[in-house]
Amino acid sequence: MNIALIAHDNKKILMENLCIAYRYILNKHTLYATGTTGQIVEKAASLPVQKYLAGQLGGEHQLGAHIAHNDIDLVIFLRDPLEPKSYEPDINSLLRLCDIHNIPLASNLATAEMLLLAMDRGDLDWRNIVK
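Here is what the cut-offs are and how they apply
Within each chain, residue numbers correspond to sequence positions counted from 1 in written order. With pLDDT at 70 or above as the cut-off, local features in this predicted model cover only qualifying residues; side-chain atom pairs require 80 or more to be listed or tallied, and sums for whole chains, interfaces and linings still use all residues. Calculation of side-chain values draws on the structure's entire complement of heavy atoms; hydrogens and water are dropped beforehand. Here a strand is any run of E in DSSP of at least two residues, a helix any run of H or I of at least four, and the numbering for each starts at the N terminus. The size measure is the radius of gyration over C-alpha atoms, and the globule rule it meets is 2.2 Å times the number of residues to the 0.38 power. Under this definition, polar contacts are N or O atom pairs within 3.5 Å; protein pairs additionally need one hydrogen-donor-capable and one acceptor-capable atom, and for neighbouring residues in sequence, both atoms have to be side-chain atoms. Note on contacts: a residue pair is in contact if any heavy atoms of the two residues lie within 4.5 Å. The patches described consist of residues with a relative accessible area above 30% and no salt bridge, like charges being joined within 9 Å and nonpolar side chains (Val, Leu, Ile, Met, Phe, Trp, Tyr) within 5 Å. We get accessible surface area from the Shrake-Rupley algorithm with a probe of 1.4 Å; when it comes to residues, only the shown protein chains can shield them. One side-chain nitrogen of Lys or Arg within 4 Å of one carboxyl oxygen of Asp or Glu is enough to make a salt bridge. Relative accessibility under 20% of the residue-type maximum defines a buried residue, over 50% an exposed one, and the middle range a partly exposed one, all with a 1.4 Å probe and only protein chains included. The directions from the helix axis to the C-beta atoms are what the arc is built from.

### Here we look at the overall build of the protein chain
Okay, so step 1: The secondary structure content of the protein chain amounts to seven helices and five strands.
Okay, so step 2: Secondary structure elements in the protein chain, listed N-terminal to C-terminal, are β-α-α-β-α-β-α-β-α-β-α-α.
Okay, so step 3: What you see for the protein chain is a C-alpha radius of gyration of 13 Å, in line with the 14 Å of a compact globule of 131 residues.
Okay, so step 4: When the backbone C-alpha atoms are referred to their principal axes, the protein chain occupies close to 40 × 30 × 25 Å.

### A look at the side chain of His29
Okay, so step 1: Along the polypeptide, His29 turns up in the loop between helix 2 (23–26) and strand 2 (30–33).
Okay, so step 2: Here the side chain of His29 touches Met1 through a polar contact of 3.2 Å, landing on its backbone nitrogen.
Okay, so step 3: Contact partners of His29, with chain neighbours within four places excluded, come to Met1, Ile3 and Met119.

### Thoughts on a nonpolar patch on the surface
Okay, so step 1: A cluster of nonpolar side chains, Trp126, Ile129 and Val130, forms an exposed patch at the surface whose accessible area comes to about 300 Å².
Okay, so step 2: Mapped onto the elements, Val130 comes out in helix 7 (residues 126–130).
Okay, so step 3: Since its relative accessible area comes to 43%, Val130 is described here as partly exposed.

### Comments concerning helix 3 (residues 35–45)
Okay, so step 1: Among all positions in helix 3, only Gly35, Thr37, Gly38, Val41 and Ala45 are buried. Each buried residue of helix 3 lies within a common arc of 165° when the element is viewed along its axis, so the set occupies one face.
Okay, so step 2: Phi for Ser46, located one or two positions after helix 3, is positive at around 55°.

Written out as structure tokens, the structure is:
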């Protein structure tokens, strides 16, 4: 499965820890990430990551195009709801695309862990049929 990873600045350490903890699941899949998040995950968890541009520089748009073409199966977007972003419309667009194309989306640690464990059990294998 193709998994997209995005983390706002205040959530990058959390993403790093998530990827280290669930490396045994993530290493079975293809990972995509916005620029800085991808670099952090690659280095910390020793996982290969295909990197987009940084989120605010267009990485979220690149990811959105892959979602629209049904090339992404799961999105983990650890976002900071307390810190307003100047590129908030881009973020909302990404969330909307996940809803439109029925892509499972985790926006916090609890949901990310549940989706990763579900994926490992095979609960998201229906995504292979959708493709």
